[in-house]
Amino acid sequence: MRTGWLLWQDSLRQFLYFEEKMMCPNPRNFEAKWVKRVSKSGSRKPSTNLWIYDRKTGAKRYSVTTEAGAKIQPYFDVPPLTDPNVFIFTVIGEALDAGFVRVWLTDATARELKRLIGSLDPETLSRAVIEASQKVAKSDIVEEAQKEIAHPFSITVEAYEALEGAFAGVSDEHRFQLLAEQIRGGDAVSLL
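Owing to the predicted nature of the structure, the values given are computational and were not obtained by experimental measurement.

1. So, the overall build of the protein
Each helix and strand counted, the protein has four helices and 10 strands in total. Order of helices (α) and strands (β) in the protein, N terminus to C terminus: β-β-β-β-β-β-β-β-β-α-α-β-α-α. Across the 192 residues in the protein, those meeting the buried criterion constitute 34%. For the protein, long-range pairs separated by at least 24 residues make up 56% of all intrachain contacts whose partners lie at least 6 apart in sequence.

And the structure:
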């Protein structure tokens, strides 16, 4: 049996996943001590935990809480990024080779941009981003994105930097929605 761990950045830009073999702990390999935690703020209740350490390394491996219901919290070591079992997923602005960045757009956003600019090939899309980002007025355009399947498109690094700088969205999809709004709003981008 294996345990899978999924870690993420606060910005949800990158995720890291790895698995490790789940083994029955041998009690001889561990030592434990009770630790009383005093609340320094009103948000956390005082508690008594059993902290369990690896005898060889001294690293904490488990924390057992018995108050408000028993809970066993395992601790783990993140393997080096060179480990073949570590997977990193970049979902917002994934840098590609040859000066391109992959962005993911829903069907609705891709259709709208294609309608507005004619093509979603990297050159046309990049040019639209750069031209619109130079004309954008810093506004509070907020639009609820439809929940759809996203598709990958590539733009140049220069275009991606312009997109990030001009459109303060929370994701690539949101930035491209703001881009479409900018193009639609009368400051048409000349693409041909």
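2. Examining the sheet that holds strand β1 (residues 2-8)
Here three strands make up an open sheet; going across it, the order is β1-β2-β7 and the pairing antiparallel. Of all the strands in the sheet, just β1 and β7 (87-90) have a single pairing partner and so form its edges. Pairwise comparison of adjacent strand axes, ignoring direction, gives a mean angle of 20° for this sheet. Alignment of strand β2 (residues 14-21) against β7, held across four bridges, turns out to be antiparallel. Counterpart to tyrosine 17 in the pairing with β7 is phenylalanine 87.

3. Topic: the confidence of the model for the protein
This prediction gives the protein a mean pLDDT of 85; 86% of its residues lie at or above 70. Counting interchain partners and residues more than four positions distant, the pLDDT-below-50 stretch residues 139-146 has eight contacts.

4. A few points about the nonpolar core
Within the largest apolar cluster, 27 residues are counted, with the highest numbers of intra-cluster contacts made by Leu113, Leu125, Phe167, Phe176 and Leu179. Elements supplying a minimum of two residues to this core: β9 (100-106), α1 (107-117), α2 (122-135), β10 (150-156), α3 (157-166) and α4 (172-184). Here phenylalanine 176 is in contact with Val103, Leu105, Thr109, Leu113, Leu125, Val129, Ile155 and Leu163, once residues within four sequence places are set aside.

5. Digging into unusual backbone geometry
Residues other than glycine seldom take positive phi values, yet alanine 98 does so here, at roughly 65°. Relative to the helices and strands, alanine 98 is located in the loop between β8 (94-95) and β9. A residue is classified by how much of its surface remains accessible, and alanine 98, at 71% relative accessible area, is exposed.

6. Structural notes on α1
If you check which residues of α1 are buried, you get Thr109, Ala110, Glu112, Leu113 and Ile117. Here the buried residues of α1 occupy an arc of 165° about the axis, which is enough to place them on one side. Pointing more than 90 degrees away from the buried face of α1 are the exposed residues Arg111 and Arg115. Where α1 is buried, its residues touch β9, α2, β10 and α4. Glycine 118 sits one or two positions beyond α1 and adopts a positive phi of about 95°.

7. Let's talk about the pairing of β1
Summarising the sheet, β1 and β2 pair through seven bridges and their orientation is antiparallel. Paired with leucine 6 across the strands is tyrosine 17, a residue of β2. Connecting β1 to the antiparallel partner β2 that follows it, the hairpin turn spans five residues, and leucine 12 within it adopts a positive phi of roughly 60°.

8. A look at the environment of valine 35
Along the chain, the position of valine 35 falls in strand β3 (residues 30-37). A sequence separation of 12 residues divides valine 35 from serine 47, and the C-alpha atoms of the two residues are 8.3 Å apart. With near-sequence residues (within four places) excluded, valine 35 lies in contact with Ser47, Thr48, Asn49 and Trp51.

9. Focus: the sheet that holds β8
The strand order across the open sheet built from three strands is β8-β9-β10, with neighbouring strands paired in antiparallel fashion. At either margin of the open sheet sits one strand with a lone partner, and together these are β8 and β10. Bridge count for β9 against β10 is seven bridges, and the pairing is antiparallel. Bridged to valine 103 within β10 is phenylalanine 153. α3 contacts β9 and β10 of the sheet and is inclined by roughly 110° relative to β10. Relative to the sheet, α4 contacts β9 and β10, its axis offset from that of β9 by approximately 80°.

Parameters at a glance
Residues numbered from 1 in each chain as written. Predicted model: local features only at pLDDT ≥ 70, side-chain atom pairs only at ≥ 80, totals over all residues. Heavy atoms only, no water. Helix = DSSP H or I, 4+ residues; strand = E, 2+ residues; numbered from the N terminus. Buried < 20%, exposed > 50% of the residue type's maximum accessible area, 1.4 Å probe, protein only. Contact = heavy atoms within 4.5 Å. Pairing = 2+ DSSP bridges. Axes fitted to C-alpha atoms, helices over the stretch in contact; angles between N-to-C directions. pLDDT = per-residue confidence, 0-100. Core = buried A, V, L, I, M, F, W, Y, C linked by side-chain atoms within 4.5 Å. Arc of directions from axis to C-beta.

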